[in-house]
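# Observations on chain architecture
One-letter residues, chain by chain:
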Amino acid sequence: MEEFYFYTKGLTVGYHGVPLIKDIELSVKKGEILTLIGPNGAGKTTILKNIIRQLKPLGGVAVLDGSNMEELSGRELSKKLSVVLTERVRPEMMNCRDVVSTGRYPYTGKFGVLSEEEWKIVDESMRLVHIEELAERDFTKTSDGQKQRVMLARALCQQPDIIVLDEPTSFLDIRYKLEFLSIIQNMSRTRKLSVIMSLHELDLAGRISDKIACVRGDRVDRFGTPEEIFTEGYIPKLYQMTTGSYDELTGDLELPAVQGEPRVFVLTGNGTGTGVFRRLQREGIPFAAGILWENDLDYPSAKALAVEVVSEKVFTQFSEAQLARAKQLIDNCERVICTLDTENLGSLGEGLRELKEYALKLGKL
Ligand SMILES: Nc1ncnc2c1ncn2[C@@H]1O[C@H](COP(=O)(O)OP(=O)(O)OP(=O)(O)O)[C@@H](O)[C@H]1O
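For clarity, every value in this text was computed on a predicted model and none was experimentally measured. (Residues numbered from 1 in each chain as written. Predicted model: local features only at pLDDT ≥ 70, side-chain atom pairs only at ≥ 80, totals over all residues.)

### Describing the sheet that holds strand β8 (residues 162-166)
As a reminder of what qualifies: By definition, two strands form a pair when at least two bridges between them are found by DSSP. Strands here are runs of E lasting at least two residues and helices are runs of H or I lasting at least four, both read from the DSSP assignment and numbered beginning at the N terminus. Axes here refer to lines fitted to C-alpha atoms; in helices the fit is confined to the stretch in contact. Angles between the N-to-C directions go from 0 to 180 degrees. Contact criterion: two residues are in contact if their C-beta atoms, reconstructed from the backbone, are within 7 Å.
Ordered in space as β7-β8-β9-β4-β10-β11, the six strands form an open sheet in which the pairing is mixed. Each edge of the open sheet carries a strand with a single partner, namely β7 (81-84) and β11 (220-224). Strand-to-strand twist in this sheet, taken as the mean axis angle between neighbours without regard to direction, amounts to 15 degrees. Pairing between β8 and strand β9 (residues 194-198): five bridges, direction parallel. By the bridge assignment, Ile162 is partnered in β9 with Ser194. Packing against the sheet, helix α6 (residues 144-157) makes contact with β7 and β8, and its axis sits at approximately 175 degrees to β7.

Put into structure tokens, the structure is as follows:
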């Protein structure tokens, strides 16, 4: 286990002596990013609070850099590990630079005066998360997203080996979500910072994490690489999704398909149909779509949103049976929408051209 900078063995967490999650086995190497995902109330924050010693484990151990964490002094711990929690901090009468500078307490002591060197580290951390312009601003008068970045700068200026963050991107807009995570990724690559965090954005979790732990109420259900986790319809099961769908490859979420006899046939492919499918879903119109090769960009959203998808195996001519089924659906629909420029599709587009002409003859296009 010594190859891991941090690991837990048989860790049990809970409240008031009652176990919530037992036998938690997590591990992270130097420079690795571990993300906890799972539904609301599953226990992600509880696990993180045990890791940072805000809660006392009910059993098992957490080992940091070869030492049982329980045996580390507060000061030793805060030189190795820093924390960004979602809980509101409301320091009175402090500007953002002062808040960031409290990250240096493990080195200076609470009433220690920061040396010029120390202030350089504070300013460098603020520069890293692009909050220099907030330096003199009263911390309580900043937005939630700005506060989150101030707290990241504070954690970074602690110069930790490992950083623990609970839903760090929840208040950030998309620009800052990406910026925040790319700062963390850079730190993990360049300074070998280990990261343990929880995220609700599965698409981002799948992109940034080396390891993912799936927390599911009473257990850590899976622990592995994103490729091992985002597979075989596991995510909808983890979240017990009963409405809509989630595509594990693209991270796309779709609202539930409109049920009923298809009223529209969408002749489509090559990524040109998804916008139309979503518009029809918004308008509450049941539709069918095709003919799509199973590797088409529109295939996952068509499967999620259409009542029926006429599809064909990858890179094969459409079969007579599929053409006949598409024509049958066109017969029964009120209208056809064609999202493709069928003239420029070459020989493989023959079947689509045939269907377009068929719809034109019926006056449905
Ligand atoms: N102080 C507490 N005392 C008792 N039970 C608690 C306490 N804090 C949280 N819980 C319970 O522990 C369970 C796990 O909560 P936790 O906050 O760890 O979930 P989470 O996965 O972080 O959820 P979310 O995604 O909603 O933030 C929940 O059922 C919650 O109600």
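### A look at the site of the ligand
The criterion, for reference: Note on definitions: a residue is near a molecule or strand provided its C-beta atom, placed from the backbone, lies within 6 Å of it. When residues are grouped by polarity, Ala, Val, Leu, Ile, Met, Phe, Trp, Tyr, Cys and Pro land in nonpolar, Asp, Glu, Lys and Arg in charged, and all others, Gly among them, in polar.
Taken together, the neighbourhood of the ligand is formed by Tyr15, Leu20, Gly38, Asn40, Gly41, Ala42, Gly43, Lys44, Thr45, Thr46 and Val215. Looking at the shell around the ligand residue by residue, the classes come out as four nonpolar, six polar and one charged.

### So, the domain arrangement of the chain
Applicable threshold: Residue ranges for the domains trace back to a domain assignment, done automatically or taken from a database.
Segmenting the chain into domains produces domain 1 (6-242) and domain 2 (253-361). Taking the mean C-alpha position of each, domain 1 and domain 2 sit 45 Å from one another.

### Let's talk about the pairing of strand β4 (residues 33-37)
Under the convention used in this document: Think of it as a crowd count around each C-beta: if 20 or more other C-beta atoms lie within 10 Å the residue is buried, if 12 or fewer it is exposed, and in between it is partly exposed, with C-beta placed from the backbone throughout.
The buried fraction of β4 amounts to five of the five residues, a majority that puts the element mostly inside the structure. Going residue by residue along β4, you find Ile33, Thr35 and Ile37 tucked away on one face and Leu34 and Leu36 tucked away on the opposite face as well. Here four bridges tie β4 to β9, and the two strands are oriented parallel to one another. Bridged to Ile33 within β9 is Val195. Both β4 and strand β10 (residues 211-215) contribute to a ladder of four bridges, which runs parallel. By the bridge assignment for β10, Thr35 is matched with Ile212.

### Brief notes about the pairing of β10
For β10, the buried fraction is high: five of the five residues fall into the buried class. Of the two faces of β10, the one lined by Lys211, Ala213 and Val215 and the one lined by Ile212 and Cys214 are each fully buried. Two strands pair when backbone bridges link them, and β10 and β11 are joined in this way by four bridges, in the antiparallel orientation. For Cys214, the partnering residue across the bridge sits in β11 and is Arg222. Here β10 hands over to β11 after four residues, with Gly217 in that stretch at a positive phi of 80 degrees.

### A closer look at the sheet that holds strand β15 (residues 287-293)
Overall, parallel pairing links the four strands, which are arranged β16-β15-β14-β17 in an open sheet. If you trace the sheet from one side to the other, it starts and ends with β16 (308-312) and β17 (335-338), each paired once. Here the strands of the sheet are splayed against their neighbours by 20 degrees on average, with no regard to which way each runs. As judged from the four bridges shared by strand β14 (residues 264-267) and β15, these two strands associate in the parallel manner. The residue bridging Val264 from the neighbouring strand is Phe287, located in β15. Contacting β14, β15 and β17, helix α11 (residues 274-283) runs over the sheet at an angle of about 165 degrees to β14. Contacts from helix α14 (residues 350-361) reach β14, β15 and β17, with the element oriented near 145 degrees to β14.

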